[in-house]
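What follows is each chain in one-letter form.
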Amino acid sequence: DDNRSAMISDNGTVIGFVSTRNLVPTVGNTDGNPEVFLFNVTTAGFVQATTTQDILEQGKLVLSIFNENPSLSSDGSVFGFISNANLSGNNDDGSGRGNGEVYVADFSGSAVSNIRQVTRTRSTTGSAASVNLFSAGRRLSRDGTMLAFESLAEDPKANGTNQPFLAVFVYTIATDSFV
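Residues numbered from 1 in each chain as written. Predicted model: local features only at pLDDT ≥ 70, side-chain atom pairs only at ≥ 80, totals over all residues. Heavy atoms only, no water.

Observations regarding the overall build of the chain
Along its length, the chain carries zero helices and 14 strands. Mapped in sequence order, the helices and strands of the chain form the string β-β-β-β-β-β-β-β-β-β-β-β-β-β. The C-alpha radius of gyration of the chain comes to 16 Å, within 12% of the 16 Å expected for a compact globule of 179 residues. Of all 179 residues assigned to the chain, the portion counted as buried reaches 43%. Surface accessibility of the chain: about 8500 Å² in total, with carbon and sulfur atoms responsible for 52%. If you average the places of the 11 positive and of the 18 negative side-chain charges in the chain, the two averages end up 2 Å apart. (Helix = DSSP H or I, 4+ residues; strand = E, 2+ residues; numbered from the N terminus. Rg over C-alpha atoms; globule rule 2.2 N^0.38 Å. Buried < 20%, exposed > 50% of the residue type's maximum accessible area, 1.4 Å probe, protein only. Areas by Shrake-Rupley, 256 points an atom, 1.4 Å probe, with all protein chains shown as cover. Lys, Arg positive; Asp, Glu negative; His and termini not counted. Charge placed at Lys NZ, Arg CZ, Asp CG, Glu CD.)

Structure follows, in C-alpha cells:
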C-alpha cells in the first residue's frame, strides 16, 4: 500500500497519487506518512503536495495523519483531496480527533500553491470517525471549479451540528459556497 489512490488528468500530463515513500528528498517523507504527490509527465518531475507527520506525545501515537484521494481537474491545474492534518491552520479539532477535511489547491506543473481548506467540521457525536467523505474517483469538476463530497455536517463550514446520515454537497470554489 506504498502508492495508492492514483488519478490522471484528462490530458494525461499530471498524475496525482498518495505515497508513503520519500519521492522528493528535498521536501522529505522520511517518516513514511501518506502524502499527496503530483507527477508532471512532461518534465518527469515529482512534486510533494503535503508534508505531514503523525502526532506523538511522549513518544506515543496520539493521532495518525492521513492525506487521501487526490482528484484532478482535466488539465491537472487544480486538485482536491481529504486530510486530517492541520494544513491551513483551520483544522484544529482538538482532543486528538483530527477530523478529515476537504482541501483544494493549485498546481502549476512544478509547484503547489494556494492550499485552502474547503470544509470546517467536527464530530459532535464524540466519534473518532471522519465527518466528511471524499471517496476515490472524480470528485473535482473537469474545469476545476466545483468539488463533490459527502458529509454528516449540517453546514460544512460551521464546525457545528452533525446529522445522522450523509448528504451530498457540491462546493463552488470561486464563491466559497455549498449546495
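Okay, back to it.
A look at the side chain of Q48
Along the chain, Q48 turns up in strand β4 (residues 45–48). On the basis of relative accessibility, which here comes to 9%, the residue Q48 falls in the buried class. Among the polar contacts listed, one links the side chain of Q48 to the backbone oxygen of G28, at a separation of 3.2 Å. A distance of 2.9 Å separates the side chain of Q48 from the backbone oxygen of T50, its partner in a polar contact. (Polar contact = N/O pair within 3.5 Å; in protein donor to acceptor, adjacent residues only side chain to side chain.)

Thoughts on the nonpolar core
Within the largest apolar cluster, 13 residues are counted, with the highest numbers of intra-cluster contacts made by V14, V36, L38, L72, F79, F81 and F107. With three residues, strand β9 (residues 101–107) is the largest single contributor of residues to this core. (Core = buried A, V, L, I, M, F, W, Y, C linked by side-chain atoms within 4.5 Å.)

Observations regarding the pattern of salt bridges
The full count for this structure, using the stated rule, is seven salt bridges. When the shortest N-O distance is used, the salt bridge between R116 and D106 registers 3.7 Å. Of the two residues, R116 is situated in strand β10 (residues 112–117) and D106 in strand β9; the sequence distance between them amounts to 10 residues. Classification of R116 as partly exposed rests on a relative accessible area of 22%. As a salt-bridge pair, R139 and E150 come within 3.0 Å of each other at their nearest N and O atoms. Residue R139 is found in the loop between β11 (132–133) and β12 (146–153), and its partner E150 is found in strand β12; the two are separated by 11 residues along the sequence. A single salt-bridge network, built from bridges that share partners, covers D10, R138 and R142. (Salt bridge = Lys/Arg side-chain N within 4 Å of Asp/Glu carboxyl O.)

Thoughts on a nonpolar patch on the surface
Taken together, the side chains of M146, V170 and V179 present a nonpolar region at the surface, about 260 Å² in accessible area. Residue position: V170 is located in strand β13 (residues 162–172). (Patch = residues over 30% accessible without salt bridge, like charges linked within 9 Å, V, L, I, M, F, W, Y side chains within 5 Å.)

Remarks on the sheet that holds strand β7 (residues 67–72)
Here four strands make up an open sheet; going across it, the order is β7-β8-β9-β10 and the pairing antiparallel. Each edge of the open sheet is held by one strand with a lone partner, namely β7 and β10. In this sheet, neighbouring strand axes are inclined to one another by 25° on average, regardless of whether the strands run parallel or antiparallel. When β9 meets β10, the two strands line up antiparallel, connected through four bridges. If you follow V104 over to β10, its bridge partner there is R116. (Pairing = 2+ DSSP bridges. Axes fitted to C-alpha atoms, helices over the stretch in contact; angles between N-to-C directions.)

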